[in-house]
Structures are given as C-alpha cells and as structure tokens.
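The residues making up each chain are set out below.
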Amino acid sequence: MSCVPRRGTIRGRDPGTVDRRKVVALRALRKRVAIARRAGMKVALANGSFDLLHVGHVRYLQAAKRLSDVLVVCVNSDRSVRGYKGPGRPVQPERERAELVAALACVDFVTIFDDPDVNRLLELLRPDFHCKGTDYTAETVPEKDMARRIGTRVRICGDPKDHSTRDLIARIGRLARRC
C-alpha cells in the first residue's frame with residue numbers, strides 16, 4: 001500500500017480533504033483498536049514528533065503499515081517535543097502535525113500524546129507491533145521492556161536514517177541566509 005494522500009471520495013467528501021476523523025482522542029482510539037482486534041486485524045503502533053514531515057517519515061510509516069491492517073500513529077505533543085528537542089521546537093503545532101500524518105493513506109488513526117515515551121499507550125492499546133525508525137535497534141527502543149511484557153513485537157522500520165528534521169531545518173536556514 002502506498003502512503004500518499006487518498007484518491008477518490010470518502011463518503012462524498014472532496015478527495016483533497018483530509019479526513020480529520022482519523023485524528024482521535026485516546027479514549028476513542030482505544031474503542032477503534034478494540035473493534036479492529038475483535039475483527040481479527042493486526043495493529044501496529046508508530047510514534048514520533050513528525051515536526052517537518054519528510055520522506056524518511058513516509059518510508060517509516062509505509063513500512064509499519066506493511067506489518068499490519070491498522071496503523072496507529074502517536075504524535076508527540078508540543079510540550080513533549082520541547083522537552084526533548086529543546087526551545088524553538090516544534091516548528092509546527094501538534095494539531096497541524098497530526099493532520100499532516102493523518103493525510104497519508106497508510107495511516108489509519110492518529111492521536112497526540114504528552115508522555116516522554118509510549119509505554120502507557122502500548123499498555124492501553126496492546127498493538128501487535130511497536131514500530132520504531134532505523135535510528136533505533138531492538139536493544140535501544142525505550143519501550144522494549146513494556147512491549148515484551150505485554151506481548152507486543154518490536155520492529156525496526158523504514159530506510160536508513162539519512163533524513164532528519166534537524167538537518168532539514170539547518171538546510172532551510174542556510175538557504176534563507178543566502179536570500
């Protein structure tokens with residue numbers, strides 16, 4: 001499945017319109033994941049700040065979707081991004097980052113979370129797979145112990161870590177100084 005904006009109409013909607021119903025609060029997400037699980041579907045959970053959406057993010061999410069029937073993406077809140085990325089981040093507000101991620105066809109649901117990691121979300125949702133990007137190894141995934149305890153398999157997804165928001169911001173800064 002490709003990870004590009006959906007084509008065609010969704011319940012009579014303009015095909016260029018993002019289905020904001022994909023961005024849901026945790027309570028609604030728990031219900032939707034439970035319905036999918038009862039239907040025998042495999043669920044994968046991916047997470048990140050997705051501050052400036054780039055090809056590395058898309059490839060990561062495409063790979064996560066290939067493991068599952070339902071892909072849940074947990075987007076770090078503005079407060080949590082500032083906590084680990086520092087002042088000046090995120091570049092885009094959390095609702096806009098969530099909407100951008102939701103616009104990808106491979107993404108089924110998006111939620112915004114405020115925690116420093118996704119341990120609590122893993123425990124609440126109990127996905128079949130916890131997907132992390134290639135900047136991690138199975139041993140360095142912060143939530144590996146929780147995943148093991150609840151029976152969730154950790155998978156490293158995406159292409160080599162040749163893309164980063166930090167590098168993209170620096171490149172934009174260099175280009176802006178030339179203008």
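Everything below is about the structure shown above.
A brief look at the structure comes next. All residue numbers here refer to positions counted from 1 along the written sequence of the relevant chain. In view of the model being predicted, local features appear only for residues whose pLDDT reaches at least 70, and side-chain atom pairs are presented and counted only at 80 or more, with totals across whole chains, interfaces and linings using the full set of residues. The side-chain figures draw on all heavy atoms in the structure; neither hydrogens nor water molecules are used.

Some words on the overall build of the chain
Item 1. Helix numbering and strand numbering both begin at the N terminus, where a helix is a DSSP run of H or I of at least 4 residues and a strand a DSSP run of E of at least 2. A count of helical and extended segments in the chain gives seven helices and five strands.
Item 2. Moving toward the C terminus, one meets the helices and strands of the chain in the order α-β-α-β-α-α-β-α-β-α-β-α.
Item 3. What makes two residues a contact is simply this: any of their non-hydrogen atoms within 4.5 Å. A sequence separation of at least 24 residues applies to 74% of the contacts in the chain between residues at least 6 apart.
Item 4. Accessible surface, the chain: about 9900 Å² in total, of which carbon and sulfur atoms supply 51%. Exposure was quantified through the Shrake-Rupley algorithm and a 1.4 Å probe, taking into account, for residues, occlusion by the shown protein chains and nothing else.

As for the environment of L71
Item 1. Inspection of the secondary structure puts L71 in strand β2 (residues 70–76).
Item 2. L71 sits in the buried class, given a relative accessible area of 0%.
Item 3. Separated by 10 residues in sequence, L71 and L61 place their C-alpha atoms 8.2 Å apart. Relative accessibility thresholds used throughout: buried, under 20% of the residue-type maximum; exposed, over 50%; partly exposed, between the two (1.4 Å probe, protein chains only).

Quick notes on the state of the cysteines
Throughout this description, disulfide means a covalent bond between two cysteine sulfur atoms.
Item 1. For this text, the term disulfide refers to a pair of cysteine sulfurs within 2.5 Å. Applying the stated criterion across every chain, the model contains zero disulfides.
Item 2. In this structure C131 is not part of a disulfide, and its nearest cysteine sulfur, from C157, lies 3.8 Å away.
Item 3. Residue C131 is classed as buried on the basis of its relative accessible area, which comes to 0%.

Some points on the sheet that holds strand β1 (residues 43–48)
Item 1. Two strands make a pair as long as DSSP finds a minimum of two bridges between them. The five strands lie next to each other as β3-β2-β1-β4-β5, forming an open sheet whose pairing is parallel. Only two strands of the sheet have a single partner each, and these edge strands are β3 (109–113) and β5 (153–157). If you compare each strand with its neighbour and ignore which way they point, the axes differ by 25° on average.
Item 2. The pairing of strand β4 (residues 129–133) with β5 spans five bridges and is parallel. Residue pairing across strands places K132 opposite I156, the latter belonging to β5.
Item 3. Across the sheet, helix α1 (residues 26–38) lies against β1, β2 and β3, angled at about 145° from β3, the strand it touches most. Lines fitted to C-alpha atoms define the axes here, with helix axes fitted over just the stretch in contact, and angles between the N-to-C directions of these axes take values from 0 to 180 degrees.

Regarding the environment of R59
Item 1. Here R59 is to be found in helix α2 (residues 55–66).
Item 2. Measuring from C-alpha to C-alpha, the distance between R59 and C157 comes to 8.1 Å, with 98 residues separating the pair along the chain.

Digging into the environment of M41
Item 1. Within the element layout of this structure, M41 appears in the loop between α1 and β1.
Item 2. Once the C-alpha coordinates of M41 and S68 are considered, the two residues, 27 residues apart in sequence, prove to be 7.5 Å apart.

With respect to the layout of surface pockets
Item 1. One number sums up the size of the largest pocket: a volume of about 680 Å³.
Item 2. Along the wall of the largest pocket there are 31 residues; nearest its centre are G48, H57, K85, D135 and K161.
Item 3. Secondary-structure elements contributing two or more residues to the lining of the largest pocket are β1, α2, α3 (78–85), β4 and α7 (165–178).
Item 4. By residue number, the principal contributor to the lining of the largest pocket is α2, which donates three residues.
Item 5. Among the residues forming the lining of the largest pocket, the class breakdown is eight nonpolar, 13 polar and 10 charged. Throughout, the protein atoms alone are placed on a 1 Å grid, and a set of points is a cavity if a 1.4 Å probe fits but cannot get out or a pocket if it is open with protein on both sides within 12 Å along at least five of seven lines; lining residues have an atom within 4 Å of a point. Grid points are joined across faces, edges and corners, and a volume is the space filled by probe spheres set on the points. Here the nonpolar group is Ala, Val, Leu, Ile, Met, Phe, Trp, Tyr, Cys and Pro; Asp, Glu, Lys and Arg are the charged ones; every other residue, Gly included, is treated as polar.

The values are spatial; any link to function lies outside them.
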